[in-house]
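Examining the three-dimensional arrangement
Here's the letter readout for the chains.
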Amino acid sequence: MEDCEWVLVKEPTDRDIWSPSLKNGEESSSSRPLEIRFNEAAKHWTDALPIGNGRLGAMIWGGVSSEILNLNEDTLWTGTPGDYTKPEAPKSLAEVRKLVDNGQYAEATEAAVQLTDNSPDVYQLLGDIKLEFDDSHGTFQEEKYERVLDLDTATVKVNYSVGDVEFAREYFASNPDQVIAAKVSANKPGYLAFTLSMDSKMHHHTYVSGDNQIIMEGSCPGKRKPPKVDANDNPKGIQFTAILDLQISGGSDNLQVLDNRRFRVEHCDWAIILLVASSSFDGPFIKPADSKRDPKSECSSMLNSIKKFSYSELYARHLDDYQKLFHRVSLQLSKSSDSVAKESGRVSTADTVKSFKTDEDPSLVELLFQYGRYLLIACSRPGTQPANLQGIWNCMLEPPWDCAPHLNINLQMNYWPALSCNLKECQEPLYDYTTSLSLSGCKTAKVNYEASGWVAHQVSDIWAKTSPDRGQAVWALWQMGGAWICTHLWEHYTYTLDKAFLANKTYPLLEGCTSFLLDWLIEGRGGYLETNPSTSPEHAFIAPDGKAASVSYSSTMDMSIIKEVFSDIVSAAEVLGKSDDDLIKRVLKAQPHLCPTRIARDGSIMEWAQDFEDPEIHHRHVSHLFGLFPGHTIGVRGTPALCKAADYTLYKRGEEGPGWSTTWKTALWARLHNSEHAYRMVKHLFDLVDPDHEANFEGGLYSNLFTAHPPFQIDANFGFSAAVAEMLVQSTMRDLYLLPALPRDKWPNGCVKGLKARGGVTVSICWNEGDLHEFGLWSNGRTTTKRLHYRGRSIATKILTGKVYTFNKQLNCVKTYALF
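Residues numbered from 1 in each chain as written. Predicted model: local features only at pLDDT ≥ 70, side-chain atom pairs only at ≥ 80, totals over all residues. Heavy atoms only, no water.

1. A look at the overall build of the protein chain
When its secondary structure is counted, the protein chain shows 20 helices and 30 strands. Each principal axis of the C-alpha distribution contributes one length, and for the protein chain these read about 85 × 75 × 55 Å. In the protein chain, which comprises 820 residues, the share counted as buried stands at 62%. Once the 83 positive and 104 negative side-chain charges of the protein chain are each reduced to a mean point, those two points are 5 Å apart. (Helix = DSSP H or I, 4+ residues; strand = E, 2+ residues; numbered from the N terminus. Buried < 20%, exposed > 50% of the residue type's maximum accessible area, 1.4 Å probe, protein only. Lys, Arg positive; Asp, Glu negative; His and termini not counted. Charge placed at Lys NZ, Arg CZ, Asp CG, Glu CD.)

2. What about the sheet that holds strand E11 (residues 203–209)?
Pairing is antiparallel across the open sheet formed by nine strands, whose spatial order is E1-E6-E7-E8-E9-E16-E13-E12-E11. Two strands lie at the open edges of the sheet, namely strand E1 (35–38) and E11, each paired on one side alone. With direction set aside, neighbouring strand axes in the sheet form an average angle of 15°. By the bridge criterion, seven bridges tie strand E7 (residues 155–162) to strand E8 (residues 165–174) in an arrangement that is antiparallel. Counted as the bridge partner of Ser161 is Glu166 from E8. (Pairing = 2+ DSSP bridges. Axes fitted to C-alpha atoms, helices over the stretch in contact; angles between N-to-C directions.)

3. Overview of the sheet that holds strand E28 (residues 793–799)
By way of backbone hydrogen bonds, the strands of a sheet pair with one another, either parallel or antiparallel. Strands sit in the order E22-E23-E27-E28 across an open sheet of four strands; the sheet is mixed. The open sheet has two edge strands with one neighbour each: strand E22 (729–731) and E28. With strand direction ignored, the average angle separating the axes of adjacent strands in the sheet is 25°. Here E22 pairs with strand E23 (residues 735–738) via three bridges, running antiparallel. Note on E23: the bridge partner recorded for Val729 is Leu738. Each of E22 and E23 touches helix H20 (residues 715–728); the most contacted strand, E22, lies at about 80° to it. (Contact = heavy atoms within 4.5 Å.)

4. So, the confidence of the model for the protein chain
Mean pLDDT over the protein chain stands at 93; residues scoring 70 or higher make up 94%. Within the model, pLDDT remains below 50 along residues 1–9, and this stretch shows one contact once partners closer than five positions in the same chain are excluded. Throughout residues 24–30 the model reports pLDDT below 50, and contacts reaching past four residues in sequence, or to other chains, amount to 14 contacts. (pLDDT = per-residue confidence, 0-100.)

5. Thoughts on the layout of surface pockets
By volume, the largest pocket is sized at about 1,000 Å³. If you trace the largest pocket, you find 40 residues lining it, with Gly631, His632, Ser731, Thr732 and Arg758 closest to the centre. Among the elements of the structure, helix H10 (416–420), helix H13 (481–496), helix H15 (556–576), H20, E22 and E23 are those that each provide at least two residues to the lining of the largest pocket. Considering each element in turn, the lining of the largest pocket owes the most residues, six residues, to H13. Taken together, the residues that form the lining of the largest pocket break down as 13 nonpolar, 17 polar and 10 charged. (1 Å grid on protein atoms, 1.4 Å probe; cavity = no way out; pocket = protein on both sides within 12 Å on 5 of 7 lines; lining within 4 Å. Points joined across faces, edges and corners; volume = space filled by probe spheres on them. Nonpolar A, V, L, I, M, F, W, Y, C, P; charged D, E, K, R; others polar.)

6. Here we look at the state of the cysteines
Tallied over the entire structure, the rule returns one disulfide. Linked covalently through their sulfurs, Cys751 and Cys766 form a disulfide whose S-S length is 2.2 Å. Taking the torsion about the S-S bond as the criterion, the Cys751 to Cys766 disulfide, at about -60°, is left-handed. Residue Cys751 is found in strand E24 (residues 749–757), and its partner Cys766 is found in strand E25 (residues 761–768); the two are separated by 15 residues along the sequence. (Disulfide = S-S within 2.5 Å.)

7. Concerning the packing of aromatic side chains
By convention here, two paired aromatic rings are described through the distance between centres and the angle between planes. Within the structure shown, the criterion is met by 34 aromatic pairs. Taken together through their ring pairs, the aromatic side chains of Trp416, Trp478, Trp484, Phe626, Phe629 and Trp664 make up a single cluster. Directly above the ring of Phe38 sits Arg147, whose terminal nitrogen or CZ lies 4.1 Å from the centroid. Arg525 extends its terminal NZ or CZ atom over the ring of Tyr553, reaching a point 3.8 Å from the ring centre. (Phe/Tyr/Trp six-rings, centres within 6.5 Å; stacked < 30°, edge-to-face > 60°. Lys NZ or Arg CZ within 6 Å of the ring centre and 35° of its normal.)

8. Some details on the side chain of Gln385
By secondary structure assignment, the location of Gln385 is in the loop between helix H8 (362–379) and helix H9 (410–414). Residue Gln385 is classed as buried on the basis of its relative accessible area, which comes to 17%. Those residues in contact with Gln385 that lie beyond four places of it in its chain are Asp74, Thr75, Phe281, Cys379, Pro429 and Ile462.

Structure, rendered in structure tokens:
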């Protein structure tokens with residue numbers, strides 16, 4: 001055996017299990033690199049390239065004379081645990097309800113401000129790593145410069161030449177070793193020289209420790225905005241430590257310490273930089289002053305644990321961990337069966353976005369689809385905080401909308417691709433966060449609303465804030481945030497069939513949520529159960545008396561989410577043998593009395609319980625279509641009249657709107673099986689935003705493919721991946737729709753492998769000249785029966801555990817083989 005060479009064979013992922021007989025589309029696209037490419041250094045933050053391991057993030061600018069890495073750690077927030085109750089709220093609630101009952105909606109809107117509370121705390125930044133090179137780098141060869149994020153390896157590379165010396169930088173963020181790693185090198189010995197430092201906008205101090213480390217220790221403000229007069233009024237905030245470890249060729253002879261804060265490297269071949277960071281955050285209910293965590297000690301332990309690995313080993317461990325997730329799904333799209341992949345050459349990704357309006361290159365759709373999956377892996381892993389409004393990437397002390405998780409669409413959209421795009425592990429932080437919300441939400445429900453169970457409103461933070469935001473009721477007052485998140489918990493079961501998770505995690509949270517909803521509903525008009533007060537998130541109406549208002553009763557979104565939650569818990573109870581529980585009996589009794597979704601006089605879906613005048617028909621939110629997507633109470637098979645009304649509603653809303661609105665509309669059109677309009681929304685997103693004049697844009701993409709509100713919000717990156725998946729595969733527990741919204745004239749040839757469908761089924765599909773060619777199905781969970789649908793044809797088939805089924809375009813099974 002000593003003469004044999006061992007070869008590491010990677011475990012096959014879902015995309016590897018099934019191989020189609022059709023190769024044209026796959027082969028023509030397989031050479032297209034999944035890369036975001038620049039031919040110059042970043043000029044704006046949204047030109048920088050993101051890396052992350054779920055908890056730590058960095059933005060790589062790629063400057064030649066001066067390189068900057070903006071750093072983030074996901075537990076760095078202002079504030080301390082809060083009291084999310086308002087004892088005087090029940091009195092205000094009674095007043096608002098009376099005004100609504102009297103039809104005084106404007107007055108109710110004004111009075112509802114009394115129910116709002118404080119603003120959330122604010123996500124902060126960690127700091128910057130800075131590398132400053134010598135003057136020779138000012139004369140680099142611009143035509144040879146390249147900066148690339150490779151999605152296949154989750155690695156950023158920067159390459160450039162100064163004279164005849166080629167310089168290379170490589171960056172990655174490792175999840176298994178919890179480190180951001182960089183390697184800087186030159187192809188000629190002794191030509192590498194730079195100064196290395198670390199700094200932050202936060203309150204901090206930095207110093208050199210030992211021969212090769214820079215330590216930064218700092219703290220977050222103990223209040224949202226630190227007091228300016230009396231420093232004693234500021235409670236102790238979250239403490240943090242970051243340690244920068246430097247390893248170079250040639251040893252300490254080539255290293256000099258400057259002012260006890262920086263390193264100067266001279267005459268070096270290569271340098272390896274390792275960054276670890278930690279904080280004193282010990283959960284949403286422990287004050288930073290009471291935390292037992294020691295960030296500096298934790299950082300030292302992390303560094304000690306990875307010192308046993310070489311740089312190459314760290315990189316290999318990173319690749320293995322990342323690719324096990326990323327490689328589960330592949331997507332290839334092409335315009336024709338004999339098309340040849342474009343040579344990317346020196347064409348920047350920004351230039352391809354600019355040209356999309358005319359050439360509509362489907363490879364850019366592939367890239368943005370996979371970029372959403374990459375970003376989710378990079379900012380949400382088991383044990384981390386949930387992805388916030390910017391994932392984990394932020395460079396401001398006061399970021400837009402506080403970078404806080406918004407529960408009226410944005411947080412949920414962040415996780416839309418987790419299940420369908422085969423990244424279920426990445427949704428675990430949302431489940432853990434929901435548990436925290438349920439604990440603080442019990443107090444909010446009891447005190448503010450005198451109700452059982454738990455509630456969460458429109459915006460939260462790391463401290464699991466569950467009370468309403470401060471400000472106008474139109475955005476601040478909305479009691480359905482926690483209920484919407486609970487639908488994700490049930491969806492986890494529908495995709496995975498994980499009964500243990502259903503029993504131990506989902507059902508207890510659903511029980512608490514349902515208890516609140518049952519208490520929140522009150523008997524109202526026409527024998528229906530109502531929500532009062534009620535808003536349709538961030539949208540207003542004109543009341544019958546001609547006054548502008550936002551508070552009424554039983555908005556369509558309220559009722560749609562409640563119907564979804566009630567249906568979910570009834571189904572969950574059936575799986576778990578709890579159908580005779582008193583709570584389920586109460587739900588079954590209440591369901592027939594929930595307000596139905598109504599059609600307005602003009603043929604659209606009514607947004608409110610009454611057919612109020614809409615002062616902004618092109619409003620960015622499409623809350624009243626929740627039942628179509630992500631909900632399931634409106635569907636092409638079961639509710640054709642409501643689908644027709646939903647179609648008109650989307651037409652009436654128009655195509656304009658921020659990025660997240662664009663991708664939500666894409667998914668909604670897909671659910672209606674309207675490929676033309678779904679693709680129009682896809683195309684609408686490909687608008688290159690000028691960060692110097694971003695106020696002139698609505699939606700679009702920055703040059704690094706971050707999606708724009710503007711400013712940057714990450715939700716549309718995730719929404720895009722989910723919407724494209726929805727165009728290709730849709731499912732219920734019983735039905736599976738193949739290519740339901742495929743734009744056949746735009747993507748006539750293609751292949752997608754490894755998407756997930758409800759019922760524990762994995763789906764791969766190839767199509768040719770706009771028509772289904774063949775597809776494969778398999779299940780690792782249990783034997784299941786699916787009714788397959790394609791362009792008006794359908795068949796029922798049984799899928800046995802552990803076997804792959806390949807079907808041709810006539811929906812006939814042609815071969816079966818065991819999974820390896």
